[in-house]
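# Tertiary structure, described
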Amino acid sequence: MFPNTVTLINVSKSNGSVSYNSKKLEGVFLYKTNKVDKEENGEKDTSEYHCIIPKSVIDDSQALFKKNDLIVNGTCNDISSISELKNIEYFTIKTIDDNLYGSYDLQYLEVTN
């Protein structure tokens, strides 16, 4: 069991409107690495987030992950606009690594920005 709690916010767009549905996930592993990217005009500090979600957490929560959904560090109430996350640590899912093979206890998804 991992020590972190995050909130998955599924972002749905239809007919020009956006809706947000949140789901609390306990027992995940969230970590952040800081790095420096070189750009034309110098360097830029960036953060890279990784969230490892065990298969057991996925099964218990019935969570579905897709690109452009949000991961919030900690517990977050339902939101009606992304601006409500202004002072909260979160990231947008850009990659989903499917590691659902082998022993059940070792299966997981890893989502990153």
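Structure's up top.
Below, the structure is looked at part by part. Because the structure is a prediction, the values reported are computed rather than measured.

General note: in soluble globular proteins, nonpolar side chains tend to be found buried as a group. If you look at the biggest cluster of nonpolar residues, it comprises 17 residues, and the most contacted ones within it are Leu 25, Cys 51, Ile 53, Phe 65, Ile 71, Phe 91 and Val 111. The set of elements that each furnish at least two residues to this core consists of β1 (4–14), β2 (17–39), β3 (42–54), α1 (55–61) and β7 (108–112). Dropping the residues within four chain positions of it, Ile 71 is found in contact with Val 6, Thr 7, Leu 8, Cys 51, Phe 65, Glu 89, Tyr 90, Phe 91, Ile 93 and Val 111. In terms of nonpolar packing, the next biggest core, distinct from the first, is built from eight residues, Ile 9, Tyr 20, Leu 70 and Leu 85 among them.

Here the focus is the state of the cysteines. Within the structure shown, the criterion is met by zero disulfides. Cysteine Cys 51 remains unbridged, with the sulfur of Cys 76 as its closest cysteine sulfur at 14 Å.

Relative to the elements of secondary structure, Gln 107 occurs in the loop between β6 (95–99) and β7. For Gln 107, the contacting residues outside a window of four places in its chain are Pro 54, Lys 55, Asn 99, Leu 100, Tyr 101 and Gly 102.

Working definition: two side chains of opposite charge can pair if their charged atoms are close together. The full count for this structure, using the stated rule, is five salt bridges. In this structure, the salt-bridge partner of Glu 26 is Lys 24, at a minimum N-O distance of 3.4 Å. We classify Lys 24 as partly exposed; its relative accessible area is 44%. Where Lys 55 meets Asp 59, a salt bridge forms, and the shortest distance between an N and an O atom there is 2.8 Å. Of this pair, Lys 55 and Asp 59 both sit in helix α1, four residues apart, which is roughly one turn of that helix.

This part covers the packing of aromatic side chains. Enumeration over the complete set of coordinates arrives at three aromatic pairs. Where Phe 2 meets Phe 29, the ring centres are 5.6 Å apart and the plane angle is 40 degrees; that geometry is what we call tilted. Residue Phe 2 is located in the segment before β1, and its partner Phe 29 is located in strand β2; the two are separated by 27 residues in the primary sequence. Its relative accessible area of 35% is what places Phe 2 among the partly exposed residues. The class for Phe 29 is partly exposed, based on a relative accessible area of 30%. Each ring, one from Phe 29 and one from Tyr 31, has its centre 5.5 Å from the other, and the planes form 40 degrees; the classification is tilted. Three or more aromatic residues joined by ring pairs make a cluster, and in this case those are Phe 2, Phe 29 and Tyr 31.

This next bit is on unusual backbone geometry. Positive phi, close to 55 degrees, is recorded for Gln 62, a residue that is not glycine. Tracing the chain through its elements places Gln 62 in the loop between α1 and β4 (70–73). The class for Gln 62 is exposed, based on a relative accessible area of 60%. Here Asn 68, not a glycine, exhibits a phi torsion of approximately 75 degrees, which is positive. Along the polypeptide, Asn 68 turns up in the loop between α1 and β4.

Reading the values: the criteria
- Residues numbered from 1 in each chain as written.
- Predicted model: local features only at pLDDT ≥ 70, side-chain atom pairs only at ≥ 80, totals over all residues.
- Heavy atoms only, no water.
- Core = buried A, V, L, I, M, F, W, Y, C linked by side-chain atoms within 4.5 Å.
- Buried < 20%, exposed > 50% of the residue type's maximum accessible area, 1.4 Å probe, protein only.
- Helix = DSSP H or I, 4+ residues; strand = E, 2+ residues; numbered from the N terminus.
- Contact = heavy atoms within 4.5 Å.
- Disulfide = S-S within 2.5 Å.
- Salt bridge = Lys/Arg side-chain N within 4 Å of Asp/Glu carboxyl O.
- Phe/Tyr/Trp six-rings, centres within 6.5 Å; stacked < 30°, edge-to-face > 60°.

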